[in-house]
Each structure stands twice: as structure tokens, then as C-alpha cells.
Amino acid sequence: MRIGSTRLLATAVAAALALGLTACSSDSTEPDAASPSGGSGNATGTIKEGLKITFLPKQVNNPYFDISDNKGGKVAVEEFKGTFAQTGPSEGSPSAQVSYINTLSQQQTDVIVISANDKDAVCGALTEAKTAGAKVVTYDSDTRPECRDIFVNQATGDGIAKNQIKLISDAVGPDGGEIAILSASANATNQNAWIELMKTELAKPEYSKLKLVDTVYGDDKDEKSFQEAQGLLAKHPNLKGIISPTTVGVAATARYLSGSSYKGKVALTGLGTPNQMRAFVKDGTCKAFALWNPADLGYLAAYAAGALASGIITGKEGDKFKAGKLGEYTVGANGEVVLGDPFTFDAANVDQFNFG
Amino acid sequence: MAPETVIDLAAQPRTSRQRPPWLRTFASWETTVVLALVLVILIGSATIDGVGDPRFYRFVILEAIPIALIALPMTLIVITGEIDLSVASTVGLTCSAMGALWQAGVTSLPLLILVSLVLGAVLGAVNGVFVTVFGLPSLAVTIGTLALYRGLAFVVLGDKAVADYPVSWTTNMIAPIPGTVVPWFVLVVAVLALLFGVLLHATPIGRALYAIGNNAEAAAYSGIAVLRTKFWLFVATGAVSALAGVFWTFRFASARADNADGLELSVVAAVLLGGVSIFGGRGALLGVIAAVALLGTLRNALQLADVPANALTIVTGTLLILSVVGPNLVRTVRERLRRRQPTPPMERTQR
């Protein structure tokens, strides 16, 4: 009986799973075609009042997105008299973000402005939201192009890669040497794209003396990034420079370097905010770092959202719209709008900026 | 602890005869959970825009499916006094393996699913061997495999996401039953729930599970194959977690090593909120299913009411505490009620 019991259990499970299996392979309806994103053509070029525009960052409680959304997006939405909101998961996972997309789609939000945690995983939910009538703008981190109407890119990956490699090369000096990258999470769409482009950039003859020896991931957590920085230096005694193209990572690395014997010997650059990096620029840990202005990014994304929902633009290449104080922007290939080149901060200018 | 439980069980029929039926029904934790679910839906529909829409249920169900699936075998495991915390990592490793196989040119869907299920069963069997053969506590073992399986998932797929599956696969996975908004996959969950429900509540195996949870030693002496039963429960949990992984991969159209990160906590929360005792020996599947629905509905309703994410986690945490305190409180109240009744002399001599 004992044996019988356990076998019965196993058989029951197997039968149930087999059922799931056959059910999987049969079935079912074809997908709904994505709704046409065509606008009605707004000749006057003014953004409609009363639009509901909601920002959905990778996660809430993140200083970067607090600035982009609340200091940028909100300002813009208030300028054209819409209703601004920010919502999102407390952890940066794609599945949690999908749940929020569904909620926004149910709430009849006019435009969802999202920084995607996974370029594919949020696609189904975004397509469903578009079918229900919402417009979709991505900013900071894109989805597959067919899942959104417009991507507001903070800087082209190419621009960032060129900037970062130039900065580390200048900091390490003419003799070159080993360098490493400390990234955010291993899955971050934008980070991985930039790292690939940095490798391309490093292959150029003028950087032949720089050798990329390692890439590590701090998951955009301060403590983990700090430990990874420590680990890099322990593992590579000849390391001459670290690039950390993420605000959390570069600040944590700077904190580690400035308190260690490597200060001034191992160069550091990355994408950081002036407030977090000011002290380290002044104490010589980091000569220069770069970033765009996150508030401008949110501001531009909000104007793109307003223009889209008002029918001024549809996301076609060549569409033009006015983005308040930032001036006129043109939609490029694949529905991309580029904010501009990354901006380099150093000891000479860092005091003129106050954010982050 | 154990001898008391035996007496408690023996005393049950007497109290049920003597208290009015409505009180018995109300005093059951499972009923409380079902009532809470109904209440959330009623209040939500009346006060929050969007709650109660067909689309609301569709989204709630889509989110609840993986949790509900894994909660089924997890209920059985917890009833035996064990736990499996590696389930979400099993989902992640299954997703990674499917992604890697797809990239390696395996394009047959049934084969991909079959390999995943077998992989899940093997991962469950590893847990089972550590717990039953080496006699290690399942809490420690599965915290270990939680990290191990997640690590392996990253070894298999690295930082890539595999997302180029045929669109028909990914849309079929979340397609509704024709004429409704309900995703068809819920039928798979329903069939499994029925199987696990019958197994737990209507077969000798089910009774054996409760016996093991109440006192494994006594169960062994009374002829129950304690270790073998536990082993197969871990295998079943692994296989069902793998099925959840298959669903996850196609639902999000994305196989990634970090898929379902942290899902084990949602599953355990639902099982405990459903009235299953963390000490084993107590619980019913209906309560767990109602708890999965309650947590999902509440979460989505609060999201629609623009409650921020931080407050949401506080609500979930509070519910979890309540779920541990609640059933104990209900039992204490019952106990008090029973003690007020005069004890028949015959049973007194039995004690």
C-alpha cells in the first residue's frame, strides 16, 4: 500500500502535467493586431489640455527617476496643463512592471511613459494597453520598437561609449593599461548595449593600449557595487581604471577608492550625478564623469507624450514637435528622439550643477 | 505538542455536535479567507474605478496563475511539516534552460515543455534526496538550492534574455477561453487543483500527509512511508514549478535567469494565509486557493486605487502576520468555547 500510495501521487502529478502539456500545444486565437498609432493630424501644434500622463519608472524610490519624473516630467506636464502621476513597483522586475502597465491601461491613462525593465517582457502588456487606447512613450530604457510609439533616448549609446572611453583614456594616461567595467544589473538593456559599444570603441587604434579585463555587476545597489569594486581591485592588481556607467555604481566605486590606498592610482569615470560625485572630483578620486540631465530627459519625454496624444506627432521619422524650454525636436529612425550628447562634469564646472 | 494534537483531534467531533453550525462555519479560517475575498471584491467594485471589470479579473488571474500552480504542491509539503523555498529559482532555471535549448535549435514546443518538466522533477528530487536521504531540514536545504538553482540559471543563460519565440506561442499562452476574458491556462490550474485536492482530502495519501505533519515518528510506526512520501512531494513541487516556468517564459515572452525572482515568498504567503499551519498537520487546499485569489485581487485593487508600491508591501506583510496569528487565534477561541461545555465522564476517563 505504501508503494501504491506514492506511485499514485506520482502518477496523478504526471497525468496532470501531461494534460497541461497537450493543452499547451493545441489552442488558440490569433493575436489582436496592434492598434494603429496614427494621430488625427493637429495642424496648430498645441498640446491638448487635461491629458493624463503617467510615468512608470523601472522602480520607485530611485533618486534618478525621482529627478527625471518629478523634477522634469511633472514640470512639463504642468506647463501644458495635463495631469501628471508617477507609479511603479518597488523592485525593478519586469513582471512587477507588467502589473502596473495593466493597471494604467485599466485606468484609461492617455500616455504611459515607461523605462522598461526588460525590452521584451513588458511588450505584451504594452500592446494590450495600446489596443485599449493608450499611447506609449519609452524613456531611459527602451522596449522593442513595435511595442511603443516613441523612445526618448537620453543620449545615443554610441555617444555614451565614445565619451566614457575618451574619459577613461584621458584619466589613465598615455601608457594605458588594464581597465574594467562595473555595470548595473546583468540584464539592463541600456547598460549591455553601451558595454558592447565601448568594446567596439576600444578596438580603435588610438585606444590600443587600453585592455578591458573584466565586467562586473553591482545591480544598482550601493553595497553590492562597493563590494564588486573591492573585488575588482583584489582580482586585478594591475588595474589602471574603472568605468561605471551607472550612477549608483560610480558613486559606490568612488567611495571605495577614496578610502583606499588606490586613491589617485586607479582612475575612475562613469555616469554619475554632480551631487553624488562632487566630493570625489574635488579629492582627486575621479577627474571627470558624464551624464545627461535626468530632469531634461523626463521633461522631453513628457512633451513627446503630450505631442503624441494631441496628434502633433505619430512617431514617424521626420515628425517635429516643440518641447518647451528645450526647443524643437525631430523624431529620428525607429521612432527615436535623442536628448543630446552626454555632458562632461569636472572640477571646473561641477559646482554649477545641483541635482542627484 | 504531538500527544495534545491527538487528543484535540479526538475531541473535534464532540464540539462540532454541540456548537451551532453557523458558528462552526464562521470559525473556520478557510471561510474567513473566502469571506475576505468576497468583501474585497464587493467593496473594491463599489469604490474603486476598474475593479470588477472583466479586464480586472483577466489581469488578476494572469498574475495569480504561477503562484496558484506552485501553491498546490507547496500546500502538501507544508502540511507534512516541510517547506520548499527553491521553487522560484526552479522557475528561473527552467526558463533559462528553455531559452538555451531554443537558442540551440530545439524548436519543438512539446519537447521543450517535456524537457522542462523533467528538469523540474530532477531539481525537486535533489531537494528530496537531501531532505529524506541525508535527513537535513528542508528549510536549510531549500535555502541552499534557492541560491544554487538561481546561480545555475545565470550560468546557463548568463545576462541574456531569450525572447525570439514564435508570436503564436506567446500569445496562445495568455489567450482567453473563447467567448470569455479568462485565460485558458486557468483550466490547467483547475485540473491540477482538483487532482491535488482529491489527493489531499479524499485518499489515504492525504490522510498520511496530515499524520506526518502531526507526528512523523508516530506516522512511521503506523506504517506510513514518511520519507518516500516526502521525496515524491518534492519531485512534484519541482515539476509543477517547472510548469510555472513554462507559463512564465511564454507569458512574458522572455526567458531570463532572474525570472520569478522572489516568487517563493508570494507562494509561501498564500499557503500560510490560506490557513495551512507552518508547523504542519493542518490546512486545506480550498483556503490556499482562496488566499491566492485574495492576495492577487487586493494587490490589483489597491494598485488601481493608486496606493504606492511601498504601502502595498506593507499590506502584504501585515496579511502574512495575520495569517500566522489568525488561525491560532481562531483555534484558541474554539478551545475556550469547548472548555465551557461540560465534559462527558466517558471522555474524561479516556484522558
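None of these values were measured; they are calculated from a predicted model.

**Notes on the environment of A:Ala307**
Residue and element names in this part refer to chain A.
Then step 1. By the element assignment, alanine 307 lies in helix H10 (residues 294–309).
Then step 2. A count of 32 C-beta atoms within 10 Å places alanine 307 in the buried class.
Then step 3. Sequence-wise, alanine 307 and phenylalanine 321 are 14 residues apart; in three dimensions their C-alpha atoms are separated by 6.7 Å.
Then step 4. Beyond its immediate sequence surroundings of up to four residues, alanine 307 is in contact with Ile47, Ile312, Ile313 and Phe321.

**Thoughts on the pairing of strand E4 (residues 135–139) of chain A**
Residues and elements named next belong to chain A.
Then step 1. Burial runs high along E4: 5 of the 5 residues are buried.
Then step 2. Of the two faces of E4, both are covered, the one formed by Lys135, Val137 and Tyr139 as well as the one formed by Val136 and Thr138.
Then step 3. Assessed by its sense of winding, the connection that carries the chain from strand E3 (residues 111–114) through helix H4 (residues 123–131) to E4 is right-handed.
Then step 4. Summarising the sheet, E4 and strand E5 (residues 150–153) pair through 3 bridges and their orientation is parallel. Residue tyrosine 139 lies in a different strand from E5, and its bridge partner there is valine 152.

**Considering unusual backbone geometry**
Then step 1. One non-glycine residue, A:Asn61, lies in the positive phi region at around 65°.
Then step 2. Tracing the sequence through the fold places A:Asn61 in the loop between strand E1 (52–56) and helix H2 (63–79).
Then step 3. The phi torsion at B:Ala260 lies on the positive side, around 65°, for a residue other than glycine.
Then step 4. Here B:Ala260 lies in the loop between strand E2 (255–256) and helix H13 (263–273).

**A word on the UniProt feature "transmembrane region" (unreviewed entry) in chain B**
Residues and elements named next belong to chain B.
Then step 1. Sites flagged by UniProt as "transmembrane region" (unreviewed entry) map to residues 26–44, 56–79, 111–133, 139–158, 179–200, 231–253, 265–295 and 307–330.
Then step 2. Helix and strand shares over residues 139–158 are 95% and 0% respectively, and the end C-alpha atoms of the span are 27 Å apart.
Then step 3. Split by type, residues 307–330 is 92% helix and 0% strand. Its first and last C-alpha atoms lie 30 Å apart.

**What about the domain arrangement of chain A?**
All names here are of chain A.
Then step 1. Domain annotation of chain A identifies domain 1 (52–154 + 294–340) and domain 2 (157–291).
Then step 2. Look at where the C-alpha atoms of domain 1 and domain 2 centre, and you get two points 29 Å apart.
Then step 3. Considering only residue class, the side of domain 1 that touches domain 2 consists of 2 nonpolar, 1 polar and 3 charged.

**Here we look at helix H14 (residues 285–304) of chain B**
Then step 1. Taking 1.5 Å per residue as the helical rise, H14(B) with its 20 residues ought to reach 28 Å, and the 29 Å between its terminal C-alpha atoms agrees with that figure.
Then step 2. Following H14(B) by one or two positions, B:Asp306 adopts a phi angle in the positive range, close to 60°.

Conventions used here
Residues numbered from 1 in each chain as written. Chains lettered and ligands numbered in written order. Predicted model: local features only at pLDDT ≥ 70, side-chain atom pairs only at ≥ 80, totals over all residues. Helix = DSSP H or I, 4+ residues; strand = E, 2+ residues; numbered from the N terminus. Buried ≥ 20, exposed ≤ 12 C-beta atoms within 10 Å, placed from the backbone. Contact = placed C-beta atoms within 7 Å. Right-handed = clockwise from strand over helix to strand, strands pointing away. Pairing = 2+ DSSP bridges. UniProt positions renumbered as here; feature names shortened; annotations may be inferred. Domains from an automatic or database assignment. Nonpolar A, V, L, I, M, F, W, Y, C, P; charged D, E, K, R; others polar. Expected span 1.5 Å × (residues − 1).

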